[in-house]
Number of protein chains: 2
Amino acid sequence: MPFESRRRARDEKREAVLRTAVRLFLEQGYHRVTLNDVAERLNITKPALYNYFRSKDEILFECWALGQEIVDEFIAEIDNGGGNALTKLRKLIQAYAEQMTTDSGASLVRFDARDLTAENQKIVRAAKKRIDRTFRKYLADGVADGSIKPCDPKLTAFAIAGSLNWIGHWYQRDGAWSAEAVASRFAAQLTEGLAKAPASKHGPATSKKSRPAKGGRK
Amino acid sequence: MPFESRRRARDEKREAVLRTAVRLFLEQGYHRVTLNDVAERLNITKPALYNYFRSKDEILFECWALGQEIVDEFIAEIDNGGGNALTKLRKLIQAYAEQMTTDSGASLVRFDARDLTAENQKIVRAAKKRIDRTFRKYLADGVADGSIKPCDPKLTAFAIAGSLNWIGHWYQRDGAWSAEAVASRFAAQLTEGLAKAPASKHGPATSKKSRPAKGGRK
DNA sequence: CCCGTATATTACCCATGGGTAATAAAAAGT
DNA sequence: ACTTTTTATTACCCATGGGTAATATACGGG
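Cut-off values and rules
Each chain has its residues counted from 1, following the order in which its sequence is written. Chain letters start at A and ligand numbers start at 1, both assigned in the order the entries are written. At least 70 in pLDDT is required for a residue's local features to be given in this predicted model, at least 80 for side-chain atom pairs to be given and counted, and no such filter applies to totals for whole chains, interfaces and linings, which use all residues. As a convention, hydrogens and water are excluded, and side-chain values are obtained from all of the structure's heavy atoms. Here a helix means four or more residues in a row that DSSP labels H or I, a strand means two or more in a row labelled E, and each is numbered from the N terminus. When accessible area is computed with a 1.4 Å probe and restricted to protein chains, residues below 20% of their type maximum are described as buried, those above 50% as exposed, and intermediate ones as partly exposed. Contacts were defined at the residue level, with two residues in contact if any of their heavy atoms lie within 4.5 Å. Only the protein chains shown count as covering a residue, and every accessible area follows the Shrake-Rupley method with a 1.4 Å probe. Note on charges: Lys and Arg go in the positive column, Asp and Glu in the negative column, and His and the chain ends are not counted at all. Here, a salt bridge means any Lys or Arg side-chain nitrogen found within 4 Å of an Asp or Glu carboxyl oxygen. Polar contacts, as counted here, are pairs of nitrogen or oxygen atoms within 3.5 Å of one another; within protein the pair requires one atom able to donate a hydrogen and one able to accept it, and residues that are adjacent in sequence qualify only if both atoms are side-chain atoms. As a per-residue measure, pLDDT reflects the predictor's confidence and takes values from 0 up to 100.

**Remarks on the overall build of chain A**
Of regular secondary structure, chain A possesses 9 helices and 0 strands. Along the chain direction, N to C, the helices and strands of chain A fall in the order α-α-α-α-α-α-α-α-α. Burial statistics for chain A: of 218 residues in total, 48% are counted as buried. Excluding contacts between residues fewer than 6 apart, the proportion of contacts in chain A whose partners are at least 24 apart in sequence is 67%. As presented, chain A carries roughly 11,000 Å² of accessible surface, and 52% of it is formed by carbon and sulfur atoms.

**Structural notes on the side chain of A:Lys88**
Residue and element names in this part refer to chain A. Within the secondary structure layout, Lys 88 lies in helix H5 (residues 85-100). An unpaired buried charge is present at Lys 88: no salt bridge exists, and Asp 79, the closest side chain of opposite charge, is 4.7 Å distant. Side-chain polar atoms of Lys 88 contact the backbone oxygen of Asp 79, separated by 3.1 Å. Every residue in contact with Lys 88, bar those within four places of it in the chain, is listed here: Ile 78, Asp 79, Gly 81, Gly 82, Gly 83 and Tyr 138.

**Here we look at unusual backbone geometry**
Residue and element names in this part refer to chain A. The residue Asn 43 is not glycine, and still its phi comes out positive at about 60°. Considering the arrangement of structural elements, one finds Asn 43 in the loop between helix H2 (35-41) and helix H3 (46-49). Assessed through its relative accessible area of 72%, Asn 43 is described here as exposed.

**With respect to the side chain of A:Gln99**
All names here are of chain A. Note that Gln 99 resides in helix H5. Reaching out from Gln 99, the side chain makes a polar contact with the backbone oxygen of Gly 67 at a distance of 3.1 Å. Those residues in contact with Gln 99 that lie beyond four places of it in its chain are Gly 67, Ile 70, Val 71, Phe 74, Ser 104, Gly 105, Ala 106 and Leu 108.

**Examining the confidence of the model for chain A**
For chain A, mean pLDDT is 89; residues scoring 70 or higher make up 88% of the total. Overall, residues 199-218 of chain A carries pLDDT values under 50, and its contacts beyond four positions in sequence, including any with other chains, amount to 37 contacts.

As structure tokens, this is what we get:
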């Protein structure tokens, strides 16, 4: 199948460009990386890149999209999966934390959407909103079904997302912690203060008679 | 006092440049802001800026330094102040969160140190290390003196710092929450899962018989 | 009132780097 | 083998923007 093999080779090269670009963008920052740098690391020359992408910012966007795709996937999986809101929240934290330890995950936090075209910025904003909504939904649902203590979903979602996004800034593969270890510690720790009852093996056993924190907006 | 008034005027102008630069850098991102943009907003021309600064990256550095100065101040104040480790941690979270809602605070997280000279990058790294060490110290001290549940100080410090730093990315003054409100919610929420006993009015009343979370590295 | 100093402006330099011909080399198709 | 289509290269364009030289203007001091 000549057509297919041709296409595959092309797509593989495209992906190779993206993998290299992500690395460089993360290492040095988008603006300090030139297309010559990217090409050089691939042992080709700059104009060759334009066979696969129309512009530098399109490369950036595709890098981002690769990471976002994964997030959308596990969000769908968790959302359609079982468990109460707290369980889903833990799953989400775990998966998101692990994603943050990867290159494509870190791109989601460390790239600046303002480097993209207006249209792509809209796409990015929409995606970020989707993630945020999911966190807030699980929190709100959890408060409703009693698995989570009363809290302001918006603010709590920000607190959790902040911890997780930060992973993309400090985590390095050669460190003392594996991605999974970090993720499970975060899943446990970030929900410790939220769980209403000592649920499952994760729970930190918050007293049932806890005075419910005065939640809601001030 | 001619000499003094002259100097004061100069310093005021310098600060005006920095205030304007910070705003623009935060609004549009360092690389998208030209020195012409900065000058224009001050109703002067680009070369006039060079009376006060030697280069664009020096402006960036001074912007950052303004924010860092404030952090160093309240860290010193809290460190020399009273209270056990948990109390100090809460104070630190509160102050740091409030700082993140300001322009100079947000600079600390949203500027990329790689835009600075190698020497200034060292200064920035040292400052970030100071902040990190302080968080870890309070956590470790708290575990030692019993006010905080066993936990890995390094990882927990990252989790807390992440939540706080993220404020610099989402907070906007015209929102529903005041800076102080956000800060106090974060101070409470981020220590809820850590406090060993229902201490003071903040405590979420964690049961004393809590199985101590298996802390330490995995 | 004049001089020296700081501060500002206009006009310019030029390295950088994204992007584009024009064209060569390599595959694919027949 | 010959043609056509991809893919890559060399050589170039040029807008951008940090930074500077020459010069004008305001200002405090004697």
